[in-house]
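A look at the structure
Each chain, written out:
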Amino acid sequence: METTTSAAATTINTGGLHSVEVNSRHHILNRAFALIYLFAILVLFYNHILDLLNSTNSFITFSISFSILISDLILAFMWTTIQSFRMRPLTRQQYPEKITKYFSNDINNFPALDIFICTADPYKEPPLNVVNTALSVMAYDYNPIEKISIYVSDDGGSELTLFAFMEAAKFAAYWLPFCRENKIIQRSPDAYFNSNYTENSETEKIKLMYENMKKRIEEVIERGKVDEDYINNEEELQALTKFWTSGFTRHNHPSIIQVLLESGKDKDITSHGLPNLIYISREKNKSSPHHFKAGALNALLRVSGIMTNAPIILTLDCDMYSNDPSTPQRALCYFLDPTIRPNLAYVQFPQTFHGLNEADIYASEIKGLFLTNPIGMDGLNGPNYVGTGCFFRRRAFFGTPSSFEQPEIPELFPDHIVTKPIKAQEILRQAHYVASCNYESESNWGSKMGFRYGSLVEDYYTGYRLQCEGWKSVFCNPKRPAFLGDKPISLYDVVSQNKRWSVGLLEVAFSKYSPLTFGVQSMGLVMAHCYTHYAFWPIWSIPLTLYAFIPQLTLLNGVAIFPKVSDPWFFLYVFIFVGAYGQDCLVFMSNEGTFKRWWSDQRMWMIRGLTSYLFGTIEYLTKYLGISTQGFSVTSKVVDNDQGKRYHQGIFEFGVVSPMFMILATTSIINLVAFLKSLAQIFNGDQNLDGIFIQMFIAGFVVINCLPIYEAMVLRSDKGRMPTRVTICSTFLACTLYMAFAFLLGNM
C-alpha cells in the first residue's frame, strides 16, 4: 500500500487495482462551516423561544410562532443529518486494465457473474427496452463470456415479455460477435444505432436485423398477444402455450422458468460461446404476499443459486443499460482486494440518465442521492444501495460477515458448486420449487436472508440492514458512466415515484430498525445519520408546507411575523438562508453541476415537499391506521412524442387532474397574490418594507420558482398544461384559505 500526500489531498494506492483520494482541505472547511452554522441555529432557537414567550397572550399569535418553530426544528434536524455526508467525502480510481495481469496464469478464473433484471409491466416498461438492457450486459468484456448468466424476472407474467426475449436470444448470436470484433463501446443496440456510428455494409446488415426484431416485438405488443404466425418452432410454441391458459392472470399463475440460451451449448455465428439467458416469472397467488420487487429479487437469488450460483451478482433496473463493457472488471478491482474483501458486501455505481434536457427541469439526476451523498458515505462505511447498477457478493445475503445464516437446502449455500447443466430436469425441478410463492413461509427470507422486506424502498432498506450487520460497501464512479437509464418526462410520473419512495422511507423511519435508534447502535452516530436523512425525507413536507402558506397568508392580512430589516436578528435569518443555499449550491456545482440544474434541483425539492412528501406522509399514516391505500405502482417508461418534445424544450408536463397539482396551484396563487398586493401597498405608502421584507422575500422566492406553474395555468393550450379543473379548484381553495386566515387574524 502506497500513500501520497499533497497540500490538499492524500492519495492511497491499495494493492494496485484501485486507489483512494481524500481531500483534507474540504474536510476542514466543511467541519468549520458546520460548527459556525450550528451556532447560528442555536441562536435562532433562542430567538424563537423569546417570540413564544411574548405571544402567549394570543392563541393565534402563539400558534403561528409555534408553527414556525416546528418548521425550523425540522429544517435544522434535516440540515444536521445532511452534514454527515460532508464529514469525510472521498473519491476512488480503478485500474481495470490490471485485472488481466491479476489472472495472468489462468484468465478463465474470472468469478462467475449472475445478472438480475427486473420488469413488471410490458405496457409501462416496454419489453424492447428490457431487451436492450439485457443485450448490453450479455456483451460484456468478460472472459470467458460463458461465466455470465442473465436472469430476467417478469413479475407481470407476460407472454409478450417472454416472446421479446426469444427474439433477443436469436439476435444475440449476431450482436455479440459484432460488438467484439468491432470493439463497440456502446453495446445497447438502440443506443448504438442512435449514436454517430460508422456506416458500412456490416453495420447496415446488423441494423436491419435489429429493426426487424424491433418491429416483431412492437407488433406483438400492439396486438396484445403472440399470434401463431410469430412463432418459429415447436419449442417456442410449447413455451408460450403451456402456461398462458384461460385461467392465467398476472396475480395468479404458476412459476415459469424458460432457458433461452445455455452457455456451453449455444454458440454465436462465429462459434464463440454465449452467456446463459433465463426468463423467470415466479409463482403468484392472491393468498400469499409477494413483497413487490424485493420478493422478485429473492426469487431470483434462489433460482440463480440452484442453476449457476455465481459468487458475484449484478442487479439492474429494466431500463438501465450498460454504457461500458469493462464495468465488471471495475467492480472486481474491489472484490479481489484482500484488504477490503472480508467485509465488502457490494460495489455501487451511480445511477445516471441519458437524454436529460439542459436544465434537467425535474431534477432527474437527483445528484444528492446518486452522487454527492454516496461520495460522502464512501468515507464512512460505504454508500447506500440504490436498486440498480450494484454488484453484490452472494455471501452478503446470508448473515453477517462473521455469522452465516444457513438457507433451507444445501443447494442455496453461497459456496455450493453447481455441477449439472441448467436444463437438467433435477435443476429445473428445484428451480421451480424455490420460485414457488409458499417457499418462504416460516423462513428467514426477507428478514435475515436475501433482500429485506418491510419497506417499499427495498433497495435502501436492504443496503441499510446489510451495513447494520457489519457489511461495508464501495462507491465506484468512473468518468464514463457505467450505466445509463431512462428518466420520467412528466411531472406526475416524477412526483408519483417520489410519493412511493416516501411511504417506503417512513416505513423504515418508524420501524424497530429506525436509523435513529437501531442504526445508531449498529453503525455509529455519523453513518446512522446518513440513513436517518433518507428515512425522514418525507418530513420535509411539514416545514415546506407551512412556509408555503403561513408567511404569505399573514402578509396578505398585514401581520408581520419576522424581524424587521433594522432589527439585528434580521441578519441571522440572512446568514441562515444564504449559508444553507450557498453550501448546497457549492456542493452541487463542485460535482460537475451547473447553476441551471441546481436551480431545478432546489425547485423540485420544494415541489416534492408539497406533493410527494406530503401525500406520501398522508398515505403512510392511512396505511398505519389500517386504511386501504394504492400500494405499489410501476413508473411508466413509455415516452409520448409530444411529451418528449415539450420535455426537451424545458416545458413542464402536467396534463392530468391530481390532488398533488391542486396543492401546487394553490400555493402559486397565494404567493403571487401576497407578493403583488404587498408590492402595491409599498408603492402606495400603505405598508413599510422594513417590517415585511422577509415575508415578501419568501413569497417572491416561491413566485420565481412557480413560473412554470403560472405558465401551465394561464399561457399554454397544449395537452401538458395545468387542467382547467385544477386551476378553478385551486383558486377556490386559495380564496377559502385567505378568508379563514382573515377571520382568525381579525379576532386576535
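If you're wondering where the values come from, they're calculated on a predicted model, not measured in any experiment.

This part is about the UniProt feature "active site" (unreviewed entry) in the chain. Under the present numbering, the feature "active site" (unreviewed entry) in UniProt falls on Asp155 and Asp459. Exposure remark for aspartate 155: the relative accessible area of 9% places this residue in the buried category. In contact with aspartate 155, other than residues within four places in its own chain, are Thr119, Ala120, Arg250, Arg282, Lys284, Phe292 and Ala296. Polar contacts involving the side chain of aspartate 155 include one to the side chain of arginine 282, which spans 2.8 Å. Secondary-structure assignment places aspartate 459 in helix H13 (residues 458-468). A distance of 3.5 Å separates a polar atom in the side chain of aspartate 459 from the backbone nitrogen of glycine 387.

Moving on to the packing of helix H14 (residues 491-509) against helix H19 (residues 595-610). Interaxial distance between H14 and H19 falls to 10 Å at its minimum, and their mutual angle equals 65 degrees. Put simply, H14 runs roughly perpendicular to H19. H19 is crossed by H14, and the crossing has right-handed handedness. Contact residues: Leu491, Val494, Val495 and Asn498 in H14; Met604, Ile607 and Arg608 in H19. Of the residues belonging to the contact of H14 with H19, the class tally is five nonpolar, one polar and one charged.

What UniProt calls "binding site: Mn(2+)" (unreviewed entry) maps, in this numbering, to Lys293 and Asp317. Across 25 residues in sequence, these annotated residues keep their C-alpha atoms within 10.5 Å of one another, forming a single compact spot. With respect to the element layout, lysine 293 can be found in helix H9 (residues 292-307). Not counting chain neighbours up to four residues away, the residues in contact with lysine 293 comprise Cys118, Asp317, Gly387 and Glu458. One can find aspartate 317 in strand S9 (residues 312-317). Aside from chain neighbours lying at most four places away, what touches aspartate 317 is Ile117, Thr133, Lys293, Gln351, Gly387 and Thr388.

This next bit is on the sheet that holds S9. A sheet is described by the order of its strands in space; here eight strands give the open sequence S7-S8-S6-S5-S9-S12-S11-S13, paired in mixed fashion. At either margin of the open sheet sits one strand with a lone partner, and together these are strand S7 (256-261) and strand S13 (472-475). Pairs of neighbouring strands in the sheet enclose a mean axial angle of 20 degrees, with direction left out of account. Relative to strand S12 (residues 390-393), strand S11 (residues 344-348) runs antiparallel, the two being bridged by three bridges. The residue of S12 that forms the bridge with glutamine 348 is cysteine 390.

Another point: a nonpolar patch on the surface. Taken together, the side chains of Tyr46, Ile49, Leu50 and Leu53 make up a nonpolar region of the molecular surface, amounting to roughly 400 Å² of accessible area. Among the residues examined, isoleucine 49 registers a relative accessible area of 46% and is labelled partly exposed.

With that out of the way, let us pick up helix H10 (residues 327-335). Burial of H10 is extensive: nine of the nine residues sit out of reach of the surface. Along H10, the positions that sit buried rather than exposed are Thr327, Pro328, Gln329, Arg330, Ala331, Leu332, Cys333, Tyr334 and Phe335.

This brings us to unusual backbone geometry. With an omega of -10 degrees, the peptide bond running from asparagine 143 to proline 144 counts as cis. Residue placement: proline 144 occurs in the loop between helix H4 (127-138) and strand S6 (148-154). Despite not being glycine, serine 271 shows a phi value in the positive range, around 70 degrees. Here serine 271 is to be found in the loop between S7 and strand S8 (276-281). Using a relative accessible area of 58% as the deciding quantity, one classes serine 271 as exposed.

Summarising burial for S6: seven of the seven residues are buried, a large majority. Across the two faces of S6 the burial is the same, with Ile148, Ile150, Val152 and Asp154 and Ser149, Tyr151 and Ser153 all buried. As for the winding sense of the linkage, the β-α-β connection from strand S5 (residues 113-119) through H4 to S6 is right-handed. The pairing of S6 with S8 spans five bridges and is classified as parallel. Note on S8: the bridge partner recorded for tyrosine 151 is isoleucine 278.

In total, this model carries 26 salt bridges according to the counting rule given. For aspartate 317, the salt bridge identified is with lysine 293, shortest N-O distance 2.7 Å. One end of the pair, aspartate 317, is in strand S9; the other, lysine 293, is in helix H9, and 24 residues separate them in sequence. Using a relative accessible area of 17% as the deciding quantity, one classes aspartate 317 as buried. A salt bridge links arginine 646 to glutamate 653, with the nearest nitrogen and oxygen atoms 2.7 Å apart. Overall, arginine 646 belongs to the buried group, its relative accessible area being 10%. For glutamate 653, a relative accessible area of 4% gives the class buried.

Under the criterion given, the structure shown has 66 aromatic pairs. Between phenylalanine 654 and phenylalanine 661, the aromatic rings sit 5.2 Å apart at their centres with planes inclined by 75 degrees, giving edge-to-face as the arrangement. Each of the two residues, phenylalanine 654 as well as phenylalanine 661, counts as buried. Ring centres of phenylalanine 693 and phenylalanine 697 lie 6.4 Å apart, and the angle between their planes is 20 degrees; on these two criteria the pair is classed as stacked. Of the two residues, phenylalanine 693 and phenylalanine 697 are both situated in helix H23 (residues 689-705); the distance of four residues between them amounts to about one turn of the helix. Classification of phenylalanine 693 by relative accessible area gives partly exposed; the value is 31%.

It is worth spelling out helix H20 (residues 612-624) at this point. For H20, spanning 13 residues, the distance from its first C-alpha to its last is 18 Å, which sits close to the expected 18 Å at 1.5 Å a residue. Among all positions in H20, only Ser612, Tyr613, Leu614, Gly616, Glu619 and Tyr620 are buried. Tucked into the core, H20 has its buried residues touching H14, helix H17 (541-556), H19 and helix H22 (659-683).

Basis of the calculations
- Residues numbered from 1 in each chain as written.
- Predicted model: local features only at pLDDT ≥ 70, side-chain atom pairs only at ≥ 80, totals over all residues.
- Heavy atoms only, no water.
- UniProt positions renumbered as here; feature names shortened; annotations may be inferred.
- Buried < 20%, exposed > 50% of the residue type's maximum accessible area, 1.4 Å probe, protein only.
- Contact = heavy atoms within 4.5 Å.
- Polar contact = N/O pair within 3.5 Å; in protein donor to acceptor, adjacent residues only side chain to side chain.
- Helix = DSSP H or I, 4+ residues; strand = E, 2+ residues; numbered from the N terminus.
- Axes fitted to C-alpha atoms, helices over the stretch in contact; angles between N-to-C directions.
- Parallel < 35°, antiparallel > 145°, perpendicular 65-115°, else oblique.
- Left-handed = near helix turned anticlockwise from the far one by under 90°.
- Nonpolar A, V, L, I, M, F, W, Y, C, P; charged D, E, K, R; others polar.
- Pairing = 2+ DSSP bridges.
- Patch = residues over 30% accessible without salt bridge, like charges linked within 9 Å, V, L, I, M, F, W, Y side chains within 5 Å.
- Areas by Shrake-Rupley, 256 points an atom, 1.4 Å probe, with all protein chains shown as cover.
- Salt bridge = Lys/Arg side-chain N within 4 Å of Asp/Glu carboxyl O.
- Right-handed = clockwise from strand over helix to strand, strands pointing away.
- Phe/Tyr/Trp six-rings, centres within 6.5 Å; stacked < 30°, edge-to-face > 60°.
- Expected span 1.5 Å × (residues − 1).

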